[in-house]
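Breakdown of the fold
This is what each chain is made of:
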Amino acid sequence: AQSVTQLDSHVSVSEGTPVLLRCNYSSSYSPSLFWYVQHPNKGLQLLLKYTSAATLVKGINGFEAEFKKSETSFHLTKPSAHMSDAAEYFCVVSDRYSGGYQKVTFGTGTKLQVIP
Amino acid sequence: DAGVTQSPTHLIKTRGQHVTLRCSPISGHKSVSWYQQVLGQGPQFIFQYYEKEERGRGNFPDRFSARQFPNYSSELNVNALLLGDSALYLCASSRTGVHEQYFGPGTRLTVT
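Numbering of residues begins from 1 in every chain and follows the order in which that chain's sequence is written. For naming, the first written chain is A and the first written ligand is 1, with later ones following in the order written. Restriction of local features to residues with pLDDT of at least 70 applies here, the model being predicted, together with a cutoff of 80 or more for giving and counting side-chain atom pairs; totals for whole chains, interfaces and linings are based on all residues. The basis for every side-chain value is the complete set of heavy atoms in the structure, and neither hydrogens nor water enter the calculation.

**Topic: the overall build of chain A**
When helices and strands are tallied, chain A shows zero helices and 12 strands. Reading chain A from its N end, one meets helices and strands in the order β-β-β-β-β-β-β-β-β-β-β-β. Over its C-alpha trace chain A gives a radius of gyration of 14 Å, about what one expects of a compact globule, namely 13 Å for 116 residues. Judged by the C-alpha coordinates and their principal axes, chain A covers about 50 × 30 × 20 Å. The buried share of chain A, taken over its 116 residues, is 44%. Working rule for contacts: check all heavy atoms of both residues, and any pair within 4.5 Å makes them a contact. Relative to all contacts within chain A whose residues are 6 or more apart in sequence, the contacts with residues 24 or more apart total 57%. Placing the 10 positive and 8 negative side-chain charges of chain A at their respective mean positions leaves the two points 6 Å apart. Put simply, DSSP H or I for four residues or longer makes a helix, DSSP E for two residues or longer makes a strand, and each gets a number counted from the N terminus. We compute the radius of gyration over the C-alpha atoms and compare it with the globule rule, which gives 2.2 Å times the number of residues raised to the power 0.38. Buried residues are those whose accessible area, probed at 1.4 Å on protein chains only, stays under 20% of the maximum for their type, while exposed residues exceed 50% and partly exposed ones sit between those limits. The sign given to each residue is positive for Lys and Arg and negative for Asp and Glu; His and the chain ends receive no count. Just so you know, the charge point we use is NZ for Lys, CZ for Arg, CG for Asp and CD for Glu.

Next up, the structure:
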C-alpha cells in the first residue's frame, strides 16, 4: 500500500536557523519521491525529486532531501531559513504499476512559519 | 512559454448538477494529471492521462471521469455533484508520467 506521513503539521523556526521537515513513506515498489511547496494563493511548485539516482537530492532555493530506504524517510532540510520560505510543504510518493499505471499520494502538508 | 492553464477559475454549482473543468498543458507535455484539494488538506490524486490513455486513477467514485484530447488538453467531468465535491481542482502536466509535474492555478468549485 502507498502512503505518506508528514510528521509535523506545523513547524516554526527563526530566520537564519536550520529547517527540518519530516516525511515517512510506505510503498510496495521502488518509489519516486518529491517535495512541493505551496505559497498562499499560489500554485504548487516542485522543490526537488528523487527517482532512484543519488540519495541526496538538491533542489531549488537551497533545499535538499535525503532518501533513506532503511528508514523509509525523505526529510527536507535547509541550512538557513529565509522569510520567503514561509509556506506549506508537501511530500509526495509516486509508484508505477504493471500496465504502465501510476498512483500518486500527497502528504497532509507541513506549514512552515519563519519568525523574524 | 505559457504555464499550465485551467478554466474556469471559479465555479458555483448546485447539488446534483454536472460540471466540466478544463486544462491546457505546457507545450510539449503529453501527460496531464488531476487532483482535488479540499481546504486544509493535501491534494488527492484523481486521474493521470498520458498520450490520451488513462495511466492512473485515485480512489474517487465513478461520478468523476476525464479524458485527454489529441492536442493533450484535458477535461475533468463530475456528475451528480455533492456538497463534499467543493474543493480546488488542480491540473498538472509533465513531459511523460508524473515526473516533474507543473501545476496550474486550479479551479475553485463551490457546490451549494
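**Notes on the side chain of B:Gln101**
With respect to the element layout, B:Gln101 can be found in the loop between strand 9 (87-94) and strand 10 (102-103). As used in this structure description, the phrase polar contact means that two N or O atoms lie within 3.5 Å; if the pair is within protein, one of them must be able to donate a hydrogen and the other to accept it, and residues adjacent in sequence are counted only when both atoms belong to side chains. In this structure the side chain of B:Gln101 is engaged in a polar contact, spanning 3.0 Å, whose partner is the side chain of B:Tyr35. Those residues within four positions of B:Gln101 in sequence are excluded, and the remaining contacts are A:Tyr36, A:Leu46, B:Ser33, B:Tyr35, B:Ala92, B:Ser93 and B:Ser94.

**Describing the interface of chain A and chain B**
Taken residue by residue, the interface counts 20 residues in chain A and 19 residues in chain B. Summed over both partners, the accessible area (1.4 Å probe) lost when two parts come together is defined as the buried area. Where chain A abuts chain B, roughly 1700 Å² becomes buried across the two surfaces, and 53% of that area is made up of carbon and sulfur atoms. For salt bridges, the criterion is a side-chain nitrogen of Lys or Arg within 4 Å of an Asp or Glu carboxyl oxygen. Here chain A is connected to chain B by zero salt bridges. Where the side of chain A that touches chain B is concerned, the elements lending two or more residues are strand 5 (32-38), strand 6 (44-50), strand 10 (87-96) and strand 11 (102-106) of chain A. In terms of residue class, the side of chain A that touches chain B is made up of eight nonpolar, nine polar and three charged. Classes in brief: Ala, Val, Leu, Ile, Met, Phe, Trp, Tyr, Cys and Pro nonpolar; Asp, Glu, Lys and Arg charged; the others, Gly included, polar.

**Some words on unusual backbone geometry**
In this structure, the amide linkage connecting B:Ser7 to the following residue, B:Pro8, adopts the cis form with an omega of -10 degrees. In this fold, B:Pro8 is placed in the loop between strand 1 (5-7) and strand 2 (10-13). Notably, A:Asn61 is not glycine yet its phi reads approximately 55 degrees, a positive angle. For A:Asn61, the location among the structural elements is in the loop between strand 7 (56-58) and strand 8 (64-68). Located in the positive-phi region is A:Thr72, a residue other than glycine, with phi close to 45 degrees. Tracing the backbone shows A:Thr72 in the loop between strand 8 and strand 9 (73-78).

**Things to note about the pairing of strand 9 of chain B**
All names here are of chain B. Across the eight residues of strand 9, eight count as buried, placing the element largely inside the fold. By the alternation rule, side chains of strand 9 split into Ala87, Tyr89, Cys91 and Ser93 and Leu88, Leu90, Ala92 and Ser94, which are all buried. Paired strands are those between which DSSP finds at least two bridges. Alignment of strand 4 (residues 31-37) against strand 9, held across seven bridges, turns out to be antiparallel. Pairing of Val32 across the sheet is with Ser93, part of strand 9. Note: strand 9 against strand 11 (residues 107-111), three bridges, orientation antiparallel. Counted as the bridge partner of Leu88 is Arg108 from strand 11.

**Overview of the state of the cysteines**
We call a pair of cysteine sulfur atoms a disulfide when they lie within 2.5 Å. Under the counting rule described, the total for this entry stands at two disulfides over all chains. Across a sulfur-sulfur distance of 2.0 Å, A:Cys23 and A:Cys91 are joined as a disulfide pair. What sets the handedness of the A:Cys23 and A:Cys91 disulfide is the S-S torsion sign, and at about -70 degrees it is left-handed. Of this pair, A:Cys23 sits in strand 4 (residues 23-26) while A:Cys91 sits in strand 10, placing them 68 residues apart in sequence. Relative accessible area serves as the criterion here: at 0%, A:Cys23 is assigned to the buried category. The residue that forms a disulfide with B:Cys23 is B:Cys91, at a sulfur-sulfur distance of 1.8 Å. Between B:Cys23 and B:Cys91, the disulfide has an S-S torsion of -65 degrees and is therefore left-handed. Of the two residues, B:Cys23 is situated in strand 3 (residues 19-24) and B:Cys91 in strand 9; the sequence distance between them amounts to 68 residues. The buried category is assigned to B:Cys23, whose relative accessible area is 2%.

**A word on the sheet that holds strand 8 (residues 74-78) of chain B**
Residue and element names in this part refer to chain B. In space, the four strands of this open sheet follow the order 1-3-8-7, with antiparallel pairing throughout. The two strands at the open ends of the sheet, each matched to only one other strand, are strand 1 and strand 7 (64-68). Averaged over all pairs of adjacent strands, the angle between their axes in this sheet comes to 15 degrees, without regard to strand direction. Inter-axis angles, ranging from 0 to 180 degrees, are taken between N-to-C directions of lines fitted to C-alpha atoms, where helices are fitted over the stretch in contact.

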